[in-house]
Structures are given as C-alpha cells and as structure tokens.
Amino acid sequence: MTARIDLAVPAVRWLRQKATLKEGTVLQSFAVDEVHGHLYVLQLRRGGGKAGNLCLNRLDLQGGRLGHMYLQGFGHGVSLGVQHASDGTVWIWTEADAEDGYGRGVTRFRFFDGAVRTTKDVKVRHPIPGSTGNQPSVCMATKRIAVRHRVDGTPRYRVWDLDAFVARDYSEPLADFAQTGTHPDPDIPFQGYALHGDLVYQLAGTAYDAKANPPAKHGNAHLSCLDIRTGKLIQRRRTEAGHSLDFREPEGLAVRHGAGPGPRLLLGLASGAAGERRFSIYYKQGKPGAA
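This one's a predicted model, so the numbers in the text were calculated from it and none came from an experiment.

> Is there a simple way to explain the overall build of the protein chain in this structure?
Summing up its helical and strand segments, the protein chain has 1 helix and 20 strands in all. Since a compact globule built from 291 residues should have a radius of gyration of about 19 Å, the 17 Å found for the protein chain is in line with a globular shape. In terms of overall dimensions, the protein chain has a C-alpha envelope of 50 × 40 × 40 Å along the principal axes. Looking at the 291 residues of the protein chain, the share that counts as buried comes to 57%. Residue pairs in contact within the protein chain that sit at least 24 positions apart in sequence constitute 53% of those at least 6 positions apart. For the protein chain, the accessible surface area stands at approximately 12,000 Å², while carbon and sulfur atoms represent 47% of it. Within the protein chain, one finds 38 positive and 28 negative side-chain charges whose respective centroids are separated by 4 Å.

> Explain the side chain of Q179 to me, please; I cannot follow it from the model alone.
In this structure, Q179 sits in the loop between β13 (175-178) and β14 (190-196). Q179 sits in the buried class, given a relative accessible area of 17%. A polar contact is formed between the side chain of Q179 and the side chain of R148, at a distance of 2.5 Å. The residues contacting Q179, other than those within four sequence positions of it, are R148, P155, R156, Y157, F190 and Q202.

> It is not clear to me how the sheet that holds strand β10 (residues 132-139) should be interpreted in this structure. Could you clarify?
Judged by pairing direction, the sheet is antiparallel, and its 4 strands sit side by side in the order β10-β11-β12-β13 without closing on themselves. Strands at the two margins of the open sheet, each flanked by one partner only, are β10 and β13. Along the sheet, successive strands turn relative to each other by an average axial angle of 15°, direction set aside.

> Even after reading the chapter, I still don't get the pairing of β13, so can you show me in this structure?
In the case of a regular strand, side chains alternate between the two sheet surfaces. The two faces of β13 differ: A175 and F177 on one face are buried, but D176 and A178 on the other face are not. Across 4 bridges, strand β12 (residues 154-161) lies against β13 in antiparallel orientation. Paired with R158 across the two strands is D176, which belongs to β13.

> What should I look at first to understand unusual backbone geometry in this one?
Negative phi characterises most residues that are not glycine, and trans characterises most peptide bonds. In this structure, D97 is a non-glycine residue whose phi angle is positive, near 60°. Looking at the element boundaries, D97 is found in strand β7 (residues 90-99).

> What is the right way to read the environment of F279 from this model?
Residue placement: F279 occurs in strand β20 (residues 278-285). In the structure, F279 is positioned 159 residues away from K120 in sequence and 31 Å away in space, judged by C-alpha atoms. The contact partners of F279, leaving out residues within four places of it in the chain, are L15, R16, Q17, K18, T20, L21, L27, L39, L59 and L269.

> Sorry, what's going on with the packing of aromatic side chains here?
We describe a pair of aromatic rings using the distance from one ring centre to the other and the angle between the two ring planes. For the structure on display, the rule yields 8 aromatic pairs. With 5.0 Å between their ring centres and 55° between their planes, F165 and Y170 make a pair best called tilted. Side by side, F165 and Y170 carry an identical accessibility label, which is buried. Here the basic side chain of R256 rests over the ring of W14, its NZ or CZ set 4.8 Å away from the ring centre. One Lys or Arg, R277, reaches over the ring of F247 and ends 3.7 Å from the middle of that ring.

What counts, and at which threshold
Residues numbered from 1 in each chain as written. Predicted model: local features only at pLDDT ≥ 70, side-chain atom pairs only at ≥ 80, totals over all residues. Heavy atoms only, no water. Helix = DSSP H or I, 4+ residues; strand = E, 2+ residues; numbered from the N terminus. Rg over C-alpha atoms; globule rule 2.2 N^0.38 Å. Buried < 20%, exposed > 50% of the residue type's maximum accessible area, 1.4 Å probe, protein only. Contact = heavy atoms within 4.5 Å. Areas by Shrake-Rupley, 256 points an atom, 1.4 Å probe, with all protein chains shown as cover. Lys, Arg positive; Asp, Glu negative; His and termini not counted. Charge placed at Lys NZ, Arg CZ, Asp CG, Glu CD. Polar contact = N/O pair within 3.5 Å; in protein donor to acceptor, adjacent residues only side chain to side chain. Pairing = 2+ DSSP bridges. Axes fitted to C-alpha atoms, helices over the stretch in contact; angles between N-to-C directions. Phe/Tyr/Trp six-rings, centres within 6.5 Å; stacked < 30°, edge-to-face > 60°. Lys NZ or Arg CZ within 6 Å of the ring centre and 35° of its normal.

Right, here's the structure in full:
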C-alpha cells in the first residue's frame, strides 16, 4: 500500500514568482525528471487554446529555463508525465490529437530544444476508444501510468502497468473508476492531478476574484486524494499555499521523490498580470519511508 501524503500538513515554498517560462501564459501542468534534475512545465501558446497548441519548457530545479519546444494540436496540457526507460531514454507523456482544445489520445516523445511537433510527427495512442479529454500522469516509483479521460462527458481515471501500456496492451487496466471529490462546489474547475502508487491526488480551484473568490479569504483551492483500488475519496483539504500571490490560480500537481525524507506533493500556482504570468510551486512533505 502506498503511504499517503497528509493534505493537512502546512505547505512549504519551493519556487516563487518565477518569470522564466517561454510564453506569457499560466503554467498548466508540470513534472520532475528525478534522474537529471529537470522540471518540465506545459503552457498554452498565446492564442492557441482552441487549437490545442502547447509550449513545453525544460527548467533546472531553481526555475531557470534550459529550453523549450512547441506541441501543435496536442491539447490543453492539464497533466504530463516523465518516464525513464531501461535504455536511459527520457520520454515525455502528454495528451495529443486535440479536438476543441483537448486531447482525444495520449503520446510520448523525447525533448529537443527548439523543436516543433504536430500530432502527425508522433504516434498517438487511443487507449479508451471514443473518449475525450485524455490526460496522462506517470508514477515511476511503481511504473504505472494513469489517463484521466471523459466518457459521455463524465470524467474517469484508468490506470495501467507502464510496460504493458508502452507495449500497447490496454486490455487489463489495474484500475478504472470515476473522478470524484475534487471540490465541495461541483462547479469549481478541475486543475490537475498526479498518480502516486495506489493514490491519485487532485487539484481544483479558481483564480482570485473580488466577489466570488476574494484574496482576503485566501482562495478556494482544494487538494484531494483518491484510492485507485476503490475509487473512494480518502481526504480533501482547502489549501492556502501562496495566498499572498496576486491572481493566484491553482495549476498542476506532481509528486517528487529524492528531495526530502519522503515524497513531496507539488502544487503549482499562477500569478502576475495577463500576458506576463509567473509561476510558483509549493509542496506538502510526506513522511519518511513513504513509497
């Protein structure tokens, strides 16, 4: 059983108000390359939301940009994953084959600074035929991949062994369950998730708004945790991480290993003026010995 990161522990600042992303848009999602010390961050290209045009940034762990590449027609960038293959290759997993701005499938590719990829340049996988809004997350600690998706408009998760998924064997998923418990208010938008062993962590919330979500109340962002074996909600907590930021839109979750005595649940926050957005990342520390 995967040891759970307690969502009630205080959040700790890791990176704050960084302006190093290639585009001036908010971060959508991020993932950490534990082996090489890289942070990958996805954003929508300016004006590219409907078409699903994304920018993938590669950063160092201090937030400095090391390069970028463009992904044309891939999706919204709600999540991504980093896979370390047995031959040493680093694969980036994202949604792909966008329709109305969201991916109908997923794909993996290698990062090349300055490259431009279209869905014709990559091999798109459709593990759940007929689904929409496909968004992958990878857990290298257990070598699993999850794909959040929609079936008839209803969001669900499906989890596979990563090796089987790479081999395009989708016949025996480890889990298949409905998304639930993201926020006390069902109208608040979903903002990201991360697979961690037997658990899925979720994020929901909106940017500050003078009437609906005033800064004085420190935001409406909620973190939640589901057990993939049952699909049940285990824990949900509101987070005030980064409450002093302006704008403060919650965007993206990831789990990082090797940076402390236990795994860390990383939470992304966008701030700054439109066209000049900045990003911050806070974390909740898991206990030592957690898988």
